Amino acid sequence: MVTAIETVSVFVSYAREDEQIARRLEAALRERQVEATGDWNLVRGDDYRAQLQLLIATSDVFVFLLSPDSVRSEPCREEVALAATLGKRIVPVSIRDHGDDELVPAPLRSPQWILMRSHANFDEAVAGLDTAVRTDFPLAREHRRLLIAADNWQFNQRRRGYLLRGEALRAAEHWLAQVSSQIGRFPKPTVLQSEFIVQSQRHRRTSVQQLIGAVSFAAIVLAVLAVFAYLKQLEAQKQARLATSRRLAAEGTSLISTQPDLALALAAAAWQTDPTGNGRTALLQTLQASPHLARFLHEHGSTVRAVAVSADGRTIVAGDEAGAMTWHDAATGRLLDRQLSDRGAIHALAFSRDGQWLATGYWSGSITIRDSATRAVRRSIEAGSNVLALDWNPDDTQLACGLINGNVRIIDIASGALTSQSMYAHGNGVWAVRFLNDGHLVSGGWDATIAVWDPANGSEVGPRLTGHRLGIRSLALGPDGKTLASAALDGTVRLWSVDARQAIGPALEGHAGYVESVAFSPDGRYLASASGDSTIRLWDVQKQVAAAPPLQGHRGAVWSVAFAPSGTGLVSGGSDHKILMWDLSIRHPLARPLQGPLSKGIGQLAFSRNGEWLAGAGAAGNVLLWHCLTRCEVPRVLTGHTSSVWRVAIDPSDTVVASGGTDRTVRLWDLQSGRALEPALSVPGADVYGLAFTPDGRTLVASTFDGALHFWDWRGRSGKRLDTGRRTQVGQLVITPNSRMLLASANDELILVDMTLRTLAGRIAVPGTRINAIAITPDGRRVAAGGTDKTIRLFDLPGGRESGLPLVGHKSTVQALAFDSGGNVLASAGESQELFLWDLATRRPIGPPLSGHTSTIGGLALHPTKPLLATGDWDGHVLAWELDGDRWAAVACRVAGRMLSEGERAQYLGDRDSAQTCNGGSLLESWALPGSTLALRRVERATLPPEQGVTVSVIDVLKAAVNRLAQEKARASAASAVSGNR
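Residues numbered from 1 in each chain as written. Predicted model: local features only at pLDDT ≥ 70, side-chain atom pairs only at ≥ 80, totals over all residues. Heavy atoms only, no water.

Caption draft 1: Layout of the overall build of the protein chain. Within the protein chain one finds 14 helices and 62 strands. Burial status across the protein chain gives 53% buried among its 982 residues. Put simply, of all contacts in the protein chain between residues at least 6 apart along the chain, 51% involve residues at least 24 apart. A total accessible area of about 42,800 Å² is found for the protein chain, and carbon and sulfur atoms account for 51% of it. (Helix = DSSP H or I, 4+ residues; strand = E, 2+ residues; numbered from the N terminus. Buried < 20%, exposed > 50% of the residue type's maximum accessible area, 1.4 Å probe, protein only. Contact = heavy atoms within 4.5 Å. Areas by Shrake-Rupley, 256 points an atom, 1.4 Å probe, with all protein chains shown as cover.)

Caption draft 2: Region of the structure containing helix H4 (residues 122-134). If you check H4, its first and last C-alpha atoms are 18 Å apart, about what 13 residues at 1.5 Å a residue would give, namely 18 Å. Of all the positions in H4, only Phe122, Ala125, Val126, Leu129, Asp130, Ala132, Val133 and Arg134 are classed as buried. (Expected span 1.5 Å × (residues − 1).)

Caption draft 3: Fine view of the sheet that holds strand S60 (residues 857-862). Read from one edge of the open sheet, 4 strands run S35-S62-S61-S60, paired in antiparallel fashion. The sheet terminates laterally at strand S35 (591-594) and S60, the two strands that pair on one side only. Direction aside, neighbouring strands of the sheet carry axes that sit 25° apart on average. (Pairing = 2+ DSSP bridges. Axes fitted to C-alpha atoms, helices over the stretch in contact; angles between N-to-C directions.)

Caption draft 4: Structural view of the pattern of salt bridges. Considering all chains together, one arrives at 26 salt bridges under this definition. Here Asp337 ties to Arg375 by a salt bridge, and the two come within 3.8 Å at their closest N and O atoms. With Asp337 in strand S10 (residues 335-340) and Arg375 in the loop between strand S13 (366-371) and strand S14 (377-382), this pair connects stretches of sequence that are 38 residues apart. Residue Arg375 is classed as partly exposed on the basis of its relative accessible area, which comes to 23%. With a closest N to O distance of 3.0 Å, Asp789 and Arg793 form a salt bridge. (Salt bridge = Lys/Arg side-chain N within 4 Å of Asp/Glu carboxyl O.)

Caption draft 5: Summary view of the sheet that holds strand S50 (residues 749-754). The antiparallel open sheet is built from 4 strands, whose spatial order is S48-S49-S50-S51. This sheet does not close on itself; its edge strands, each paired only once, are strand S48 (733-735) and strand S51 (759-765). Neighbour-to-neighbour, the strand axes of the sheet open up by a mean angle of 25°, direction not taken into account. Pairing geometry for S48 and strand S49 (residues 741-746), over 3 bridges, is antiparallel. Among the inter-strand pairings, Val734 is bridged to a residue of S49, identified as Leu743.

Caption draft 6: Looking closely at helix H10 (residues 277-288). Taking 1.5 Å per residue, 12 residues should reach 16 Å; H10 reaches 16 Å between its end C-alpha atoms and fits that length. Of the residues making up H10, those classed as buried are Gly279, Arg280, Ala282, Leu283, Leu284, Thr286, Leu287 and Gln288.

Caption draft 7: Summary view of the packing of aromatic side chains. For the structure on display, the rule yields 7 aromatic pairs. When the ring centre of Trp888 is taken as origin, the NZ or CZ atom of Arg280, which lies over that ring, is 4.9 Å away. It is Arg343 that lies over the ring of Tyr362; its NZ or CZ is 5.7 Å from the centre. (Phe/Tyr/Trp six-rings, centres within 6.5 Å; stacked < 30°, edge-to-face > 60°. Lys NZ or Arg CZ within 6 Å of the ring centre and 35° of its normal.)

Caption draft 8: Region of interest: the pairing of strand S41 (residues 656-661). Most of S41 sits out of view: 6 of its 6 residues are buried. Judged by which residues are buried, S41 turns out to be covered on both faces: Val656, Ala658 and Gly660 on one side and Val657, Ser659 and Gly661 on the other are all buried. The hairpin formed by strand S40 (residues 645-650) and S41 contains 5 residues between the paired strands, and Asp654 there has a positive phi angle of roughly 60°. Pairing of S41 with strand S42 (residues 665-670) involves 5 bridges; the strand directions are antiparallel. Within S42, the residue paired with Ser659 across the bridge is Arg667.

Caption draft 9: Seen up close, the side chain of Thr483. Here Thr483 shows up in strand S24 (residues 483-488). We classify Thr483 as buried; its relative accessible area is 14%. Discounting residues that sit within four places of it in the chain, Thr483 has contacts with Ala476, Leu477, Gly478, Leu495, Trp496, Val498, Ile504 and Phe520.

Caption draft 10: Seen up close, the pairing of strand S17 (residues 407-412). Counted residue by residue, S17 has 5 buried out of 6 residues, so it is predominantly covered. Relative to S17, strand S16 (residues 398-403) runs antiparallel, the two being bridged by 5 bridges. In the strand pairing of S17, Ala400 is matched with Ile410. In this structure, the hairpin formed by S16 and S17 is closed by a connection of 3 residues, where Gly406 is found at a positive phi of approximately 90°. Where S17 folds back onto strand S18 (residues 417-424) in an antiparallel hairpin, the turn is made up of 4 residues, including Gly416, whose phi is positive at roughly 75°.

Caption draft 11: The side chain of Thr813, seen in detail. Structurally, the position occupied by Thr813 is in the loop between strand S55 (807-808) and strand S56 (814-819). On the basis of relative accessibility, which here comes to 12%, the residue Thr813 falls in the buried class. Each residue touching Thr813, except ones within four places of it in the same chain, is listed here: Asn772, Gly787, Thr788, Lys790, Ala829, Gly830 and Glu831.

Caption draft 12: Representation of the packing of helix H1 (residues 19-31) against H4. Across the interface, H1 lies against H4 with an axial gap of 10 Å and an inter-helix angle of 60°. What the angle tells us is that H1 and H4 run oblique. Here H1 and H4 pass one another in a crossing that is right-handed. Where H1 abuts H4, its residues Arg24, Leu25, Ala28 and Leu29 lie against Phe122, Val126 and Leu129. (Parallel < 35°, antiparallel > 145°, perpendicular 65-115°, else oblique. Left-handed = near helix turned anticlockwise from the far one by under 90°.)

Caption draft 13: Here's a closer look at a negative patch on the surface. Where like charges cluster on the molecular surface, the negative patch consists of Asp97, Asp100, Asp101 and Glu102. Mapped onto the elements of the fold, Asp100 is located in the loop between strand S4 (89-94) and strand S5 (114-115). (Patch = residues over 30% accessible without salt bridge, like charges linked within 9 Å, V, L, I, M, F, W, Y side chains within 5 Å. Lys, Arg positive; Asp, Glu negative; His and termini not counted. Charge placed at Lys NZ, Arg CZ, Asp CG, Glu CD.)

Caption draft 14: View of the environment of Gly574. Within the fold, Gly574 resides in strand S33 (residues 569-574). Since its relative accessible area comes to 0%, Gly574 is described here as buried. Taking the C-alpha atoms as reference points, Gly574 and Ala306, 268 residues apart in sequence, are found 8.5 Å from one another. What Gly574 contacts, discounting residues up to four positions off in sequence, is Thr303, Val304, His554, Ala557, Val558 and Trp559.

Caption draft 15: Up close: the confidence of the model for the protein chain. Counting all residues, the mean pLDDT for the protein chain is 83, and 87% of those residues have values of 70 or more. Between the elements of the protein chain, mean pLDDT differs from a low of 34, seen in helix H13 (residues 921-924), to a high of 97, seen in strand S27 (residues 515-520). Note on residues 920-959: pLDDT is under 50 here. Beyond four places in sequence and across chains, it has 96 contacts. Within the model, pLDDT remains below 50 along residues 975-982, and this stretch shows 0 contacts once partners closer than five positions in the same chain are excluded. (pLDDT = per-residue confidence, 0-100.)

Set out below in structure tokens:
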């Protein structure tokens with residue numbers, strides 16, 4: 001039996017002067033079953049850069065032919081930079097002396113070069129290159145380590161003490177399985193290595209047998225064996241799931257920039273396989289990579305050239321180069337219809353102004369008019385040349401079409417005939433046409449100009465608009481009809497005044513490639529532009545600046561973009577065969593904005609103990625109350641303060657909310673009705689900076705800027721003042737669960753107060769910082785403090801000894817802290833809008849920081865019973881964050897819009913039943929973030945054995961083991977009976 005050698009693909013980058021040797025190398029590699037691709041594989045007439053990027057992205061190795069011409073070639077340097085960006089393994093091959101080393105691109109300097117400078121050593125160099133591209137270097141490093149260990153075992157007369165054990169043996173077994181499965185690749189295991197691993201396995205089995213043989217009593221032996229086998233099986237399953245989860249997480253994060261939909265599916269699979277930190281981190285990284293991305297649609301098999309959204313916003317239509325059209329439900333992404341035509345590639349789609357008709361322009365020169373409701377073709381028209389652009393006139397009686405022969409033609413919709421006027425516009429292709437509100441028509445094309453036409457007589461009106469350096473690809477008219485936008489091959493977008501017939505400001509620059517499409521938002525505030533650089537940019541039309549970071553998600557050129565009527569939905573299509581749906585209203589895929597009439601910022605947030613209410617301190621002088629029994633609806637606004645409110649607190653019985661601020665009063669409100677409880681508590685002489693109720697509900701404490709603490713038996717309204725001895729403000733307050741100790745932040749120390757005597761009990765120094773935030777664990781044994789040194793320090797109570805090293809990660813002052821209900825997770829917010837979740841067991845962040853706020857986060861509150869975090873910033877935005885990993889996986893699957901293919905499951909999972917991926921109904925349903933007390937719907941997961949840390953009694957284990965032995969005995973008896981019958 002002949003074993004087929006695995007095919008390896010390489011991309012060859014070379015200068016034009018070296019084409020002969022490049023093609024010779026391609027032929028030699030092909031004989032060795034190495035597929036070599038280069039610019040000779042490019043299809044003429046199609047997008048050069050997109051094709052080149054795809055060839056490099058899909059190759060295993062990037063080979064660069066070094067010569068004095070290639071190191072000076074700008075296209076070659078761009079190819080090297082792209083390969084380095086994509087993380088490709090780069091192998092330089094020196095075919096001629098390149099001269100000046102400074103000209104060699106940086107990514108080519110580190111790898112070992114292969115010399116191929118004469119015909120004499122060509123075959124030797126090809127063999128070396130074949131070996132290099134087939135060598136898996138991470139496996140090669142393990143190969144060297146095992147070779148040294150095996151040689152040491154051999155040198156020491158193969159004594160058992162030198163064999164592998166534990167994790168080292170499991171790693172060696174995994175390595176041996178990997179290298180044995182790679183046919184035709186290196187490294188390969190030596191005979192000594194194989195013997196070394198096999199003997200280590202035998203020794204492991206022998207050790208277990210010796211342990212069993214040490215037990216004499218048969219019943220005990222059976223029980224111990226059963227327990228041991230069961231626990232080992234649990235541990236093996238857990239370790240296997242953990243290893244698979246880690247691998248899936250690593251694979252997912254490595255594909256974020258190249259295959260984001262697959263990255264999302266793999267991250268979800270990592271979490272579903274083993275819900276640990278690796279999967280959670282991968283989910284956060286993949287979801288945050290493109291926060292406005294709502295869904296991938298995968299029904300096209302070729303470049304999507306045109307997208308459009310129906311007038312009612314319910315339907316997304318797209319057309320591709322294969323002549324296929326799709327209709328999707330805009331709310332769910334569900335495919336409604338798919339039609340394939342023999343008319344050729346679709347380059348233009350246009351809904352009529354009233355939404356009744358849909359026009360489609362084909363490369364073959366055909367134009368079809370469809371009924372938007374039934375999707376049936378009502379009329380077919382031949383334009384006489386390849387159709388590049390379409391647009392309806394204001395009353396939907398005419399359709400303009402831009403043709404590749406340089407003409408603009410008008411179609412009379414009633415008769416379906418071309419009018420006699422033929423406007424020869426731009427020489428070599430009219431790529432954009434747009435009717436103005438006054439009935440005039442504008443066109444743009446190859447010659448980089450914009451022409452204005454009177455379609456009634458086909459005459460040009462006024463001078464042409466100039467400013468672009470290369471051909472114009474798209475035109476868009478603002479909703480007010482006064483502003484025109486143009487996109488061009490020179491990589492710029494321009495705005496034009498329709499009335500003045502002149503440019504508005506300078507060109508909008510930022511794209512790294514040609515711009516293919518532009519579209520105005522329905523309110524005219526924003527302009528979207530789609531580019532060959534794989535991104536979509538949003539521009540503020542009035543300010544003429546970028547309104548947001550680039551939208552990233554496509555893997556190639558973006559050919560078309562369209563806004564939904566809502567103004568927050570955006571649709572795009574590209575050369576990666578994908579339609580992408582974007583939601584511009586969301587700040588983060590895991591956060592939902594809470595509504596509220598906020599004119600200023602949020603100073604503090606606090607959940608009630610039962611989780612039903614969320615209170616916010618408003619800098620506008622009000623208190624906001626969200627009722628979170630369902631979805632935290634529009635808040636109730638409590639007014640009465642005369643200036644900014646900085647602090648709020650809810651009493652333990654969930655009946656009263658207290659508020660305080662710069663008007664030097666503390667006000668009390670009935671939580672259910674919002675009614676003010678008069679009179680207000682006066683704090684003469686200083687602003688209120690901290691508020692807290694004692695857990696027993698008897699006392700309300702306030703801290704003030706003059707360094708004092710104020711105590712009230714608030715039901716009886718009796719008060720007491722305590723001077724802390726500080727001349728500066730006393731800040732935030734926390735109280736131990738037994739109500740006996742209060743801690744207050746004061747510049748660089750924590751002040752301890754005995755709540756029984758209401759006297760100072762001590763101080764905890766926190767040198768080198770000014771404390772801005774403190775929080776206490778629910779059990780009262782630890783307090784966290786964060787401040788201007790950008791760290792978070794933990795102190796044990798009651799002694800005040802610092803516990804371990806500080807938590808480091810913030811890039812700015814720490815502004816807010818909150819513990820979860822178990823005291824195992826700490827949330828922290830910084831001045832530069834970053835939001836961290838910390839695992840206190842490992843003292844490391846849970847994934848990357850959450851991003852979604854646009855200013856300093858002042859309010860932070862974790863729900864007492866649900867995985868929900870509320871945050872508020874100084875711009876007045878309040879977000880509710882979902883912290884449940886299963887919901888994160890559901891969001892990732894919804895955005896990915898697909899499950900893993902059979903090939904992907906085999907590649908990444910191996911055992912197809914080993915993990916659940918994005919294939920369950922609950923994972924693909926439309927996502928709506930639940931409110932704080934709404935029961936969370938968990939994603940179904942296969943029933944797994946108990947994890948480590950779950951208490952399992954010996955009796956339960958013995959029962960399970962005995963049941964398993966009985967089942968195995970029954971299966972063995974059945975098999976024996978079947979064998980006997982045969």
